[in-house]
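Single-letter residue listing:
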Protein chains: 2
Amino acid sequence: MVDMLEPRFNADGLAPAVVQDAADSKVLMLAWMDAEALRRTLETRRATYWSRSRQTHWVKGETSGHRQRVREVRLDCDGDTILLKVDQLGPACHTGTPTCFDATLLLSDPASADSPSTNRLADQVFEAAPAPAAPASAAPASEAA
Amino acid sequence: MVDMLEPRFNADGLAPAVVQDAADSKVLMLAWMDAEALRRTLETRRATYWSRSRQTHWVKGETSGHRQRVREVRLDCDGDTILLKVDQLGPACHTGTPTCFDATLLLSDPASADSPSTNRLADQVFEAAPAPAAPASAAPASEAA
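Asks: I would appreciate a short explanation of helix α1 (residues 35-44) of chain A in the present structure.
Replies: When we look at burial in α1(A), the residues that qualify are A:A35, A:E36, A:A37, A:L38, A:T41 and A:L42. Looking one or two places after α1(A), you find A:R45, whose phi comes out positive at around 60°.

What follows is the structure, given as structure tokens:
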């Protein structure tokens with residue numbers, strides 16, 4: 001049994017929208033929607049967001065031409081996060097990169113520069129390991145899943 | 001030329017973290033991080049978040065066993081959204097579904113035959129709460145074009 005939810009917006013009337021490329025599954029950007037932006041997006045299939053800096057709605061690509069045709073819209077289990085799958089025309093980021101996550105890498109994949117065998121070994125270690133004791137700096141066990 | 005950014009947190013000291021499966025690229029969930037959660041995640045490669053409801057840090061999978069080993073961490077072009085690529089052990093969602101976005105489909109891909117209840121829920125969204133006059137959250141200097 002699956003519960004269908006209605007969208008929930010925060011105290012500012014907004015919910016984060018994660019935007020994913022329908023073609024290659026890359027996460028393109030995160031933007032914000034109010035109820036009206038969501039309504040317009042569902043109605044038109046043109047991704048429409050709320051600009052917190054300009055305090056207005058904006059249609060992605062309206063000025064840049066880098067539009068998003070919306071294929072699918074989902075809510076998360078709390079109803080307070082939106083996931084869009086889109087056909088992205090041109091680069092998604094206003095900086096000109098394909099996604100908004102291309103510039104800053106805080107932590108790199110140790111497998112990316114290593115051999116596939118190293119990668120597989122790490123996978124085995126991860127999957128075989130019991131839950132380790134919390135590191136000294138970690139918070140006490142929580143009820144979170 | 002690429003600018004490397006420092007993470008930026010909102011007025012509550014938090015930033016949204018989009019969590020993507022490194023294996024199949026599905027978007028698993030969205031959670032929140034403060035600077036300490038991000039620091040622990042980078043240090044331990046075990047995804048650590050801030051629970052807004054319980055006001056405490058939590059390590060994903062600490063009680064459920066559905067852990068996330070973090071392969072990669074990126075920031076978006078504003079530095080205020082975090083993207084994690086993880087190895088997800090078991091279902092990511094506390095409801096038991098593989099991702100937190102499996103339950104509610106607001107708009108289906110016209111190229112696929114999906115939920116018959118899409119129209120009904122979309123209608124509800126059309127009738128949802130009116131758009132706020134002026135959402136007032138702190139705004140980044142730039143948003144995607």
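Asks: What is the right way to look at the pairing of strand β3 (residues 48-51) of chain A in this model?
Replies: For a regular strand, side-chain orientation follows a simple rule: the groups alternate between the two sheet faces. Residue and element names in this part refer to chain A. Going residue by residue along β3, you find T48 and W50 tucked away on one face and Y49 and S51 tucked away on the opposite face as well. Pairing between β3 and strand β4 (residues 56-59): four bridges, direction antiparallel. Looking across to β4, one finds that T48 is bridged to V59. With antiparallel pairing between neighbouring strands as the criterion, β3 and β4 make up a hairpin whose turn holds four residues, including Q55 at a positive phi of roughly 55°.

Asks: Any chance you could explain unusual backbone geometry here in plain terms?
Replies: With the exception of glycine, most residues fall at negative phi, and the peptide bonds are largely trans. One non-glycine residue, A:Q55, lies in positive phi territory at about 55°. Its location among the elements puts A:Q55 in the loop between β3 and β4. You can call A:Q55 partly exposed: its relative accessible area is 31%. We note that B:S25 has phi near 70°; this positive angle belongs to a residue other than glycine.

Asks: What exactly am I supposed to notice about the nonpolar core here?
Replies: A general trend in soluble globular proteins is that nonpolar side chains are found buried together. The biggest cluster of nonpolar side chains holds 64 residues, and the ones touching the most others in it are A:Y49, A:V73, A:I82, A:L84, B:Y49, B:I82 and B:L84. Apart from residues no more than four positions distant in its own chain, A:I82 is found in contact with A:A15, A:P16, A:A17, A:V18, A:M33, A:L38, A:V73, A:R74, A:L75 and B:F101.

Asks: How do you make sense of the environment of A:A92 when you look at a structure like this?
Replies: Residue and element names in this part refer to chain A. Along the polypeptide, A92 turns up in the loop between β6 (82-88) and β7 (104-107). Residue classification places A92 among the buried residues on the basis of a relative accessible area of 0%. In this structure, the C-alpha to C-alpha distance between A92 and R54, residues 38 residues apart in sequence, is 19 Å.

Asks: Hey, could you run me through helix α1 (residues 35-44) of chain B in this one?
Replies: One turn of the α-helix equals 3.6 residues, which is why residues spaced by three or four share an orientation. For α1(B), every residue scored as buried is listed here: B:A37, B:L38, B:R40 and B:T41. Take α1(B) and look down its axis: the buried residues cluster within an arc of 165°, on one side only. At its buried positions, α1(B) is contacted by β7 of chain A together with β2 (27-33), β3 (48-51), β4 (56-59), β5 (68-75) and β6 (82-88) of chain B.

Asks: Just to check I follow, could you spell out the packing of aromatic side chains for this structure?
Replies: The description of two aromatic rings rests on the distance between their centres and on the angle between their planes. Residue and element names in this part refer to chain A. The final tally for this structure, using the stated rule, is two aromatic pairs over all chains. With a centroid separation of 5.2 Å and 50° between ring planes, the pair formed by Y49 and W58 is classed as tilted. Classification of W58 by relative accessible area gives buried; the value is 6%.

Asks: Explanation requested: the pattern of salt bridges in the structure shown.
Replies: Side chains bearing opposite charge may pair, as long as their charged atoms lie close to each other. Overall, the coordinates contain 18 salt bridges over all chains when judged by the stated rule. The partner of A:R39 in a salt bridge is A:E36, and the shortest N-O contact between them spans 2.8 Å. Of the two residues, A:R39 and A:E36 are both situated in helix α1; the distance of three residues between them amounts to about one turn of the helix. Assessed through its relative accessible area of 18%, A:E36 is described here as buried. One salt bridge in this structure joins B:E72 and B:R74, with 2.8 Å as the shortest N-O distance. Residue B:E72 shares its accessibility class with B:R74, and that shared class is buried. Several salt bridges converge on common partners, so that one network encompasses A:E36, A:R39, A:R40 and A:E43.

Asks: Which parts of the structure should I look at to understand the sheet that holds strand β7 (residues 104-107) of chain B?
Replies: With mixed pairing, five strands are arranged side by side in an open sheet as β2(A)-β1(A)-β6(A)-β5(A)-β7(B). The sheet terminates laterally at β2 (27-33) of chain A together with β7 of chain B, the two strands that pair on one side only. Strand-to-strand twist across the sheet, computed as the mean angle between neighbouring axes with direction ignored, equals 30°. Pairing of strand β5 (residues 68-75) of chain A with β7(B), which is carried by three bridges, proceeds in the antiparallel orientation. Counterpart to A:R74 in the pairing with β7(B) is B:L105.

Asks: In this structure, what is going on with the layout of surface pockets? I would like to understand it.
Replies: Residues and elements named next belong to chain A. One number sums up the size of the second largest pocket: a volume of about 290 Å³. Sort the elements by how many residues they give to the lining of the second largest pocket and β5 lands first, with three residues. Classifying every residue of the lining of the second largest pocket gives four nonpolar, five polar and ten charged.

Asks: Looking at this structure, how should I read the pairing of strand β1 (residues 15-21) of chain B?
Replies: Residues and elements named next belong to chain B. With seven of its seven residues buried, β1 lies for the most part within the structure. Neither face of β1 is open: one carries A15, A17, V19 and D21, the other P16, V18 and Q20, and all of them are buried. Pairing between β1 and β2: six bridges, direction antiparallel. Across the sheet, the residue bridging to A17 is A31, located in β2. Two elements, β1 and β6, share five bridges in a ladder whose sense is parallel. Residue pairing in the sheet places V19 in a bridge with L84 of β6.

How each quantity is defined
- Residues numbered from 1 in each chain as written.
- Chains lettered and ligands numbered in written order.
- Predicted model: local features only at pLDDT ≥ 70, side-chain atom pairs only at ≥ 80, totals over all residues.
- Heavy atoms only, no water.
- Buried < 20%, exposed > 50% of the residue type's maximum accessible area, 1.4 Å probe, protein only.
- Helix = DSSP H or I, 4+ residues; strand = E, 2+ residues; numbered from the N terminus.
- Pairing = 2+ DSSP bridges.
- Core = buried A, V, L, I, M, F, W, Y, C linked by side-chain atoms within 4.5 Å.
- Contact = heavy atoms within 4.5 Å.
- Arc of directions from axis to C-beta.
- Phe/Tyr/Trp six-rings, centres within 6.5 Å; stacked < 30°, edge-to-face > 60°.
- Salt bridge = Lys/Arg side-chain N within 4 Å of Asp/Glu carboxyl O.
- Axes fitted to C-alpha atoms, helices over the stretch in contact; angles between N-to-C directions.
- 1 Å grid on protein atoms, 1.4 Å probe; cavity = no way out; pocket = protein on both sides within 12 Å on 5 of 7 lines; lining within 4 Å.
- Points joined across faces, edges and corners; volume = space filled by probe spheres on them.
- Nonpolar A, V, L, I, M, F, W, Y, C, P; charged D, E, K, R; others polar.

No statement about biological role is implied by the geometric values presented.
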